[in-house]
Amino acid sequence: DTEVTQTPKHLVMGMTNKKSLKCEQHMGHRAMYWYKQKAKKPPELMFVYSYEKLSINESVPSRFSPECPNSSLLNLHLHALQPEDSALYLCASSRLGGAGAPNEKLFFGSGTQLSVL
Amino acid sequence: QKEVEQDPGPLSVPEGAIVSLNCTYSNSAFQYFMWYRQYSRKGPELLMYTYSSGNKEDGRFTAQVDKSSKYISLFIRDSQPSDSATYLCAMVRANAGGTSYGKLTFGQGTILTVHP
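Throughout what follows, the structure given in this document is the object of discussion. Keep in mind the model is a prediction, meaning the values are calculated, not measured.

Cut-offs used in this document
- Residues numbered from 1 in each chain as written.
- Chains lettered and ligands numbered in written order.
- Predicted model: local features only at pLDDT ≥ 70, side-chain atom pairs only at ≥ 80, totals over all residues.
- Heavy atoms only, no water.
- Helix = DSSP H or I, 4+ residues; strand = E, 2+ residues; numbered from the N terminus.
- Rg over C-alpha atoms; globule rule 2.2 N^0.38 Å.
- Contact = heavy atoms within 4.5 Å.
- Areas by Shrake-Rupley, 256 points an atom, 1.4 Å probe, with all protein chains shown as cover.
- Lys, Arg positive; Asp, Glu negative; His and termini not counted.
- Charge placed at Lys NZ, Arg CZ, Asp CG, Glu CD.
- Pairing = 2+ DSSP bridges.
- Axes fitted to C-alpha atoms, helices over the stretch in contact; angles between N-to-C directions.
- Core = buried A, V, L, I, M, F, W, Y, C linked by side-chain atoms within 4.5 Å.
- Buried < 20%, exposed > 50% of the residue type's maximum accessible area, 1.4 Å probe, protein only.

**Describing the overall build of chain A**
Helix and strand content of chain A: 0 helices and 11 strands. What you see in chain A, going N to C, is helices and strands ordered as β-β-β-β-β-β-β-β-β-β-β. Computed over its C-alpha atoms, the radius of gyration of chain A comes to 14 Å, within 12% of the 13 Å expected for a compact globule of 117 residues. The long-range share in chain A, meaning contacts at least 24 apart out of those at least 6 apart in sequence, stands at 56%. For chain A, the exposed area adds up to about 5,600 Å²; of that, 51% sits on carbon and sulfur atoms. Once the 13 positive and 10 negative side-chain charges of chain A are each reduced to a mean point, those two points are 4 Å apart.

Set out below in structure tokens:
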């Protein structure tokens, strides 16, 4: 199984809603990532988890709250989002490299297309 | 100046053409180089991965890295309509121990259309 599965594929939410994005992989990868991608732009890193611990937060606003309940699952909790947060949210995973550092070969899911009204 | 420069195109070629996609970078700390293909409304898919200067071939795809010039290329031979997608170059720095932090720096992506 070489897939990263993301649900839901599409999500529309109001600015006062709370929702969660889910990501699952069964490749035994111990590094997991959240990226954000706006239309016609490259993905931008948001968070990195290594061994289920948050290792990188790219100064993401607190209305985005990541969670890694176990080595196969990654969630992104959303609260009080703004219309400019509308984007494709991508989950990715990778092996861990030497000294526990993330490996550069990332496998991406198909993403959740989020629209904030 | 961006750390990684990639011509966004769009690039339109006839079926069967050889396609050349390129990225330049400014930071010599980048040691690992990748090409991703992204179809519309899908996540990026890893096509090629290299970490040394030279060529690497996989089927119709050849990745080329020239670290002295800070230049990488992806060649697609006998291009097919199914190759129509956005192609993203990506790079990762290595830390002092030679391992990577796993933080990808992407180019802007080149939109490629192969018409029958």
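Having seen the structure, we can now continue with the description.
**Some points on the sheet that holds strand β1 (residues 4–7) of chain A**
Residues and elements named next belong to chain A. Judged by pairing direction, the sheet is antiparallel, and its 4 strands sit side by side in the order β1-β3-β8-β7 without closing on themselves. Both outer strands of the open sheet, β1 and β7 (64–70), are each paired with one neighbouring strand and no more. Taking the axes of each pair of neighbouring strands and ignoring which way they run, one obtains an average angle of 20° across the sheet. Across 7 bridges, strand β3 (residues 18–25) lies against strand β8 (residues 73–79) in antiparallel orientation. Within the sheet, the bridge partner assigned to Lys18 lies in β8 and is His79.

**Details of the nonpolar core**
Counting 24 residues, the largest nonpolar core has Trp35(B), Ile72(B), Leu74(B), Ile76(B), Tyr87(B) and Met91(B) as the members making the most contacts within it. Counting only elements with at least two residues in this core, the list comes to β3 (19–25), β4 (30–38), β5 (45–50), β7 (61–66), β8 (71–76), β9 (85–93) and β11 (110–115) of chain B. Contact partners of Tyr87(B), with chain neighbours within four places excluded, come to Gln6(B), Leu21(B), Tyr36(B), Arg37(B), Leu47(B), Leu74(B), Ile76(B), Gly109(B), Thr110(B) and Leu112(B). One finds Leu11(A), Met46(A), Phe47(A) and Ala87(A) within the second-largest nonpolar core, a separate group that totals 22 residues.

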